[in-house]
Number of protein chains: 2
Amino acid sequence: MNQYTDRIVQAQERMHAEGVAAMLLAPTEQMRYLIGWRTEAHERLLALFLPMEGQPTLITPSLNAAQARTNPAGITSILEWRDSPGWMEVVASLLKEWRINGRTFAIDDQLPACHLLAIQHMAPYARYISAGDIMNAMRAEKSEEELHILSQSAAITDAVYQESLNHLKAGMTELDLQEIITHLYGKHGVKPAFCIVCFGKNSAEPHHEPDETPLHQGDIVLMDIGCMYQGYGSDITRMVSFGESNDERRDMYRLVRQAHQAAFDIVKPGLACEEVDTAARRVIENAGLGDHFFHRTGHGIGLSVHEMPYMVEGNKQKLKVGMCFSIEPGVYFDGRWGIRIENIVAVGEEGGRYLNAIPPEELLFSHS
Amino acid sequence: MNQYTDRIVQAQERMHAEGVAAMLLAPTEQMRYLIGWRTEAHERLLALFLPMEGQPTLITPSLNAAQARTNPAGITSILEWRDSPGWMEVVASLLKEWRINGRTFAIDDQLPACHLLAIQHMAPYARYISAGDIMNAMRAEKSEEELHILSQSAAITDAVYQESLNHLKAGMTELDLQEIITHLYGKHGVKPAFCIVCFGKNSAEPHHEPDETPLHQGDIVLMDIGCMYQGYGSDITRMVSFGESNDERRDMYRLVRQAHQAAFDIVKPGLACEEVDTAARRVIENAGLGDHFFHRTGHGIGLSVHEMPYMVEGNKQKLKVGMCFSIEPGVYFDGRWGIRIENIVAVGEEGGRYLNAIPPEELLFSHS
């Protein structure tokens, strides 16, 4: 039994406990976690059908059938369909065979709505629920091997950030820096999973898309970057001042750094996720800047860059050993600048530990 | 009134004709087509809510609100939500305000299932249908300006293919060639949208993912590549023999080339899409190789690389002037090799015209 057949059994045990008759997974990270394989099928339906008991079935376009047969979980029940007549008949007979109507059917969170609508049309009396709860709970607790790979992914991103600082120069654009970061990741043998670069006032937009904005003396340079390494993500946010900064920004950086520290210090098994958020938020609210911190404090990371658990108000989920997530408080002043400090933290028996380097205590500056 | 406000009005007219009370679009190409803007919101709900009459509303995470306000359609009704308490309340009150329960609600084909399931929970008595029919019919008929951009996108991909041939050498891997193609696209100022490179027997897998397979004398080199240029896609499949080939492969190439030609020749306004498929398929079936051509003949292309209309058996949709799609018959011999020839065709008053260069009549070979 390899790790994938093991995970399939675990999933079925959870389905049994929750009264879920079957689960349908799209070719997402959920499928990759469970069977070690996925592929992009675009608008064509490719899905894993997992009954509560018995063998799973892969439903695949003929185009992907040869690849599907290589799945590391060793699934041999593979239903192929061709563009004509399409996937509907194959799925309809599968749903009938497993008597889905009237029972609970868990659906991959990322299955496209058009596929779900078609399936609901075929089995209108099933009770449709999200497969997220079952899958995400499994994925959230990382094994030692997964933590090791996540640390390596984090180390690459830390290195790329440090290396990128050598390339800052006045007049370069955000897109120039993005290209340099892509190149630096390439030297480490990986591709960026995402690469947000903000100069100056663009740092006030947490999800800014890099553009032709040039770098000016005195600008804040914010980088929110990450990669996938052996299938596992990394994600940090760091910033420097390009040339000397001023007291206002330095103070604001210290405030966000304190918020980050407060969240990090509180991490331990058994704590509710929302408490991590509250710890960071309280520091910023106490400075009268609560309105300028308008996003959650963190997200889980693993096969996906964003996954459960989320560090957000209202999330009562308890931290467990092996969970891995970002801590990333920020403050943003629209049209002016923003500060965010993000590191990945793993939950250990005794508390949190960083997978990334410790974020600087002060707003550093780069010589312009 | 700009082109986007114009498109919104057109969409509402179609909704009226179809009895669709409201439409919800995810941040997909559908949204970009209708309002000129979209952004990646990952697991956070970002959506355009378009009622049959009246102004559309953008529902956006606070994080993306600043960007959302820049939408070229000039939509000013923007509902922001924060990670806590989340998007549910905002959407629930919008659905209530527009009295969605009991009426027809069209949903973006790509909306993630978890969002659809949550919305169905809020408005269980609405009739949910795919928004695809309305949106895809609008998008399928390209304007002159769109055709111009698609031609430029096609020209870049043609050039990159030609340039890539200069880089073939024995022992290079598929991944090496993929990197070269990415670099060549970069010189044209664009990124590849996808890049399938197959050496030798890998050409028998239509959706092969490039790997460390090395290039050997006598291998078929198949490239299925495309880019996005000014938001519009290109997509061709070409192949050469690396060094001299043999009669079997040359004959097979000619057969696929004839199938391609047969499909191209039949294109004209008013023809059913499935007839394009049949024209190509008949040539291959007549050679006794029908089982080796196991995918549809083509797909539409525009803001997405794959979109309506599909050239597939059973699709009675009529070709119209301005439609743009691939013609890509292929034959595949599992474990040995495969042949596919793909060009993009636009429907004109008089028939089809290629946006790409005419595919070679014979299987060319590159000196090894």
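Source: prediction; values computed, not measured.

Visitor: Hey, could you run me through the layout of surface pockets in this one?
Guide: One simple way to see leftover space: roll a probe sized like a water molecule over the atoms. All names here are of chain A. As a volume, the second largest pocket reaches approximately 390 Å³. Breaking the lining of the second largest pocket down by element, the ones donating at least two residues are helix H1 (3-18), helix H2 (29-35), helix H6 (132-140) and helix H7 (144-165). Examining the composition of the lining of the second largest pocket, we find that six residues originate from one element, H1, more than from any other. Looking at the lining of the second largest pocket, its residues break down into seven nonpolar, five polar and eight charged. Residues from two domains meet in the lining of the second largest pocket; each of domain 1 (3-139) and domain 2 (141-366) gives at least three.

Visitor: Sorry, what's going on with the pairing of strand S8 (residues 220-229) of chain A here?
Guide: On a regular strand, one side chain projects to one face of the sheet and the next to the other, so that they alternate. Residue and element names in this part refer to chain A. For S8, the tally of buried residues reaches nine of 10 residues, placing the bulk of the element in the interior. When strand S7 (residues 192-199) meets S8, the two strands line up antiparallel, connected through seven bridges. Bridge pairing in S8 links Pro192 to Cys227. Inspection of the sheet shows S8 paired to strand S10 (residues 236-242) by six bridges, in the antiparallel sense. Within the sheet, the bridge partner assigned to Met223 lies in S10 and is Arg238. Direction of pairing for S8 relative to strand S9 (residues 232-233): antiparallel, over a ladder of two bridges. Residue pairing across strands places Met228 opposite Gly233, the latter belonging to S9. Where S8 folds back onto S9 in an antiparallel hairpin, the turn is made up of two residues, including Gln230, whose phi is positive at roughly 45°.

Visitor: Would you mind going over the sheet that holds strand S2 (residues 47-51) of chain B with me for this structure?
Guide: By definition, the strands of a sheet pair up through backbone hydrogen bonds, in either a parallel or an antiparallel sense. Residues and elements named next belong to chain B. Spatially, S4-S3-S2-S1-S5-S6 is the arrangement adopted by the six strands of the open sheet, whose pairing is mixed. A strand with exactly one partner marks an edge of an open sheet, and here the two such strands are strand S4 (78-81) and strand S6 (127-130). With strand direction ignored, the average angle separating the axes of adjacent strands in the sheet is 20°. Sheet topology places strand S1 (residues 22-25) next to S2; four bridges connect them, and they run antiparallel.

Visitor: Is there a simple way to explain the sheet that holds strand S4 (residues 78-81) of chain A in this structure?
Guide: All names here are of chain A. Strand order in the open sheet made by the six strands is S4-S3-S2-S1-S5-S6, with mixed pairing throughout. Single-partner strands in this sheet number two, and they are S4 and strand S6 (127-130). Neighbour-to-neighbour, the strand axes of the sheet open up by a mean angle of 20°, direction not taken into account. Pairing of strand S3 (residues 57-61) with S4 involves four bridges; the strand directions are parallel. Looking at S4, one finds that Leu58 is bridged to Ile78. Where H1 meets the sheet, it contacts strand S1 (22-25) and strand S2 (47-51), and its direction lies at approximately 60° from that of S2.

Visitor: Even after reading the chapter, I still don't get the domain arrangement of chain A, so can you show me in this structure?
Guide: When the parts of a complex come together, some accessible area is lost, and that lost area is often taken as the interface size. All names here are of chain A. The domain architecture assigned to chain A consists of domain 1 (3-139) and domain 2 (141-366). Relative placement of domain 1 and domain 2: their C-alpha centres are 34 Å apart. The interface is formed by eight residues belonging to domain 1 together with nine residues belonging to domain 2. Carbon and sulfur atoms make up 40% of the area that domain 1 and domain 2 hide from each other, which totals about 780 Å². Summed over the three residues of domain 1 that lose the most area to domain 2, namely Arg32, Asn136 and Arg139, the buried surface amounts to 58% of that side. Taken together, domain 1 and domain 2 are joined by two salt bridges. The partner of Glu146 in a salt bridge is Arg7, with the nearest N and O atoms 4.0 Å apart. Joining domain 1 to domain 2, the criterion identifies five residue pairs in polar contact (both at pLDDT 80 or more). Of all the secondary-structure elements, those providing two or more residues to the side of domain 1 that touches domain 2 are H2 and H6.

Definitions and cut-offs
- Residue indices begin from 1 for each chain and proceed along its sequence in written order.
- Think of it this way: whatever chain is written first is A, whatever ligand is written first is 1, and the rest follow in order.
- Local features in this predicted model are restricted to residues whose pLDDT is 70 or higher, and side-chain atom pairs enter the listing and the counts only when it is 80 or higher, whereas totals over whole chains, interfaces and linings include all residues.
- Each side-chain value is derived from all of the structure's non-hydrogen atoms; neither hydrogens nor water enter the calculation.
- Cavity and pocket criteria rest on a 1 Å grid covering protein atoms alone: a 1.4 Å probe that fits but cannot get out defines a cavity, protein on both sides within 12 Å along at least 5 of 7 lines defines an open pocket, and an atom within 4 Å of a point defines a lining residue.
- Grid points are joined across faces, edges and corners, and a volume is the space filled by probe spheres set on the points.
- Working definition: helices are DSSP H or I runs of at least four residues, strands are E runs of at least two. Numbering for both runs from the N terminus.
- Gly is placed with the polar residues, together with every amino acid not listed as nonpolar (Ala, Val, Leu, Ile, Met, Phe, Trp, Tyr, Cys and Pro) or charged (Asp, Glu, Lys and Arg).
- Note that the domain bounds reflect an automated or database-derived domain assignment.
- Categorising residues by exposure relies on relative accessible area from a 1.4 Å probe, with only protein chains included: less than 20% of the type maximum marks a residue as buried, more than 50% marks it as exposed, and the intermediate range marks it as partly exposed.
- Pairs of strands are assigned from DSSP output, requiring at least two bridges between the strands.
- Here, axes are lines fitted to C-alpha atoms. For helices the fit covers the stretch in contact, and angles between N-to-C directions go from 0 to 180 degrees.
- Residues count as neighbours in contact if any of their non-hydrogen atoms are within 4.5 Å of one another.
- When two parts are put together, the accessible area they lose, computed with a 1.4 Å probe and summed over both, is reported as buried area.
- Here, a salt bridge means any Lys or Arg side-chain nitrogen found within 4 Å of an Asp or Glu carboxyl oxygen.
- Nitrogen and oxygen atoms within 3.5 Å of one another constitute a polar contact, given that in protein one can donate a hydrogen and the other can accept it, and given that sequence-neighbouring residues count only through two side-chain atoms.

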